[in-house]
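What follows is each chain in one-letter form.
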Amino acid sequence: DYADTFWLTYWVCFSILFLAMDYLENFVGTIPGFYSVCLCANVYLFLPMFKGADVVFRNVLVPLSGQYEHMLLRDVNLIKRDMMEKIPHSTKRDAVFANAANIFAKNG
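Keep in mind that this is a model prediction, so the values were computed, not measured. Numbering of residues starts from 1 in every chain and runs along the sequence as written. In view of the model being predicted, local features appear only for residues whose pLDDT reaches at least 70, and side-chain atom pairs are presented and counted only at 80 or more, with totals across whole chains, interfaces and linings using the full set of residues. For the side-chain quantities, the full set of heavy atoms in the structure was used; hydrogens and water were omitted.

S.K.: Talk me through the pattern of salt bridges; I want residue IDs and the actual numbers.
M.R.: Take a side-chain nitrogen of Lys or Arg and a carboxyl oxygen of Asp or Glu: if they are within 4 Å of each other, that pair is a salt bridge. Under the criterion given, the structure shown has 4 salt bridges. Here aspartate 75 ties to arginine 58 by a salt bridge, and the two come within 2.8 Å at their closest N and O atoms. Of this pair, aspartate 75 sits in helix 4 (residues 68-86) while arginine 58 sits in helix 3 (residues 52-65); the two residues are 17 residues apart in sequence, bridging distant segments of the chain. Per-residue accessibility, obtained with a 1.4 Å probe over protein chains only, is compared with the maximum for each type, and a residue is labelled buried under 20%, exposed over 50%, and partly exposed between these values. Relative accessible area serves as the criterion here: at 17%, aspartate 75 is assigned to the buried category. Note on arginine 58: relative accessible area 24%, which makes it partly exposed. Salt-bridge contacts for aspartate 82 lead to lysine 86; the nearest nitrogen and oxygen are separated by 3.5 Å. One end of the pair, aspartate 82, and the other, lysine 86, are both in helix 4, 4 residues apart, so they sit about a helical turn from each other. In this text, helices come from DSSP runs of H or I with a minimum length of four residues, and strands from runs of E with a minimum of two, each type numbered from the N-terminal end.

Okay, structure coming up:
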């Protein structure tokens, strides 16, 4: 699931980069280093150590599309699913979820 999300995010960011590069190439393509900058941007997007595609997607593309609240709700659902997988089934599980709900309620 993480790999699918990573690559989908990468390809969305890459397509935006490609379109911008294709457009800018007509104007600044003759400047030395233009293609090196494009290559570095592409490497930044796909290397997992930088998480560049995720950074660009969350900080540029999502706010531009007006989907910021939907992204936050998706993140909360992912946290909930992760908690349900990691917390063993016991009587304390409900208490842990109640504490997590209180943390969200207090900080809101």
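So that's the structure; there's more coming.
S.K.: Can you break down the layout of surface pockets residue by residue, with the values?
M.R.: Regions of empty space are outlined by a rolling probe, equal in size to a water molecule, passed over the atoms. Cavity and pocket criteria rest on a 1 Å grid covering protein atoms alone: a 1.4 Å probe that fits but cannot get out defines a cavity, protein on both sides within 12 Å along at least 5 of 7 lines defines an open pocket, and an atom within 4 Å of a point defines a lining residue. Grid points are joined across faces, edges and corners, and a volume is the space filled by probe spheres set on the points. Estimates place the volume of the largest pocket at around 480 Å³. Lining the largest pocket are 20 residues, with Thr5, Thr9, Asp54, Arg58 and Arg74 positioned closest to its centre. Only helix 1 (2-28), helix 3 and helix 4 provide two or more residues apiece to the lining of the largest pocket.

S.K.: Before we move on, could you go through the packing of helix 1 against helix 3 and cite the residues and values that matter?
M.R.: Axis lines are fitted through C-alpha atoms, for helices just across the contact stretch, and the angle between N-to-C directions can take any value from 0 to 180 degrees. The interhelical angle for the contact between helix 1 and helix 3, taken along N-to-C directions, is 65°, at an axis separation of 9 Å. It follows from the interaxial angle that helix 1 and helix 3 lie roughly perpendicular. Considering the relative orientation of helix 1 and helix 3, their crossing is left-handed. Between helix 1, through Thr9, Tyr10, Val12, Cys13 and Ile16, and helix 3, the contact on the second element is made entirely by Ala53, Asp54, Val56, Phe57 and Leu61. Among the residues making up the contact of helix 1 with helix 3, the classes are represented as 8 nonpolar, 1 polar and 1 charged. Oblique is the label for any angle not covered by the other classes, which are roughly parallel (under 35 degrees), roughly antiparallel (over 145) and roughly perpendicular (65 to 115). In this scheme the handedness of a crossing depends on how the near helix is turned from the far one: anticlockwise by less than a right angle means left-handed, clockwise means right-handed. Throughout, a residue-residue contact means that at least one pair of heavy atoms, one from each residue, lies within 4.5 Å. Here the term charged refers only to Asp, Glu, Lys and Arg, the term nonpolar to Ala, Val, Leu, Ile, Met, Phe, Trp, Tyr, Cys and Pro, and the term polar to all other amino acids, Gly among them.

S.K.: Outline the side chain of asparagine 42, listing residues and values.
M.R.: Among the secondary structure elements, asparagine 42 is positioned in helix 2 (residues 34-46). For the purposes of these results, a polar contact is taken to be a pair of N or O atoms within 3.5 Å, where, inside protein, one atom must be able to donate a hydrogen and its partner to accept one; residues adjacent in sequence count only when each atom of the pair is a side-chain atom. Of the polar contacts made by the side chain of asparagine 42, one reaches the side chain of tyrosine 10; its length is 2.9 Å. Residues contacting asparagine 42, with those up to four places away along its chain left out, are Tyr10, Phe14 and Leu17.

S.K.: Residue-level account of unusual backbone geometry, with values.
M.R.: In this structure, lysine 51 takes a positive phi of about 50° despite not being glycine. Structurally, the position occupied by lysine 51 is in the loop between helix 2 and helix 3.

By themselves, these are just geometric observations and shouldn't be taken as functional.
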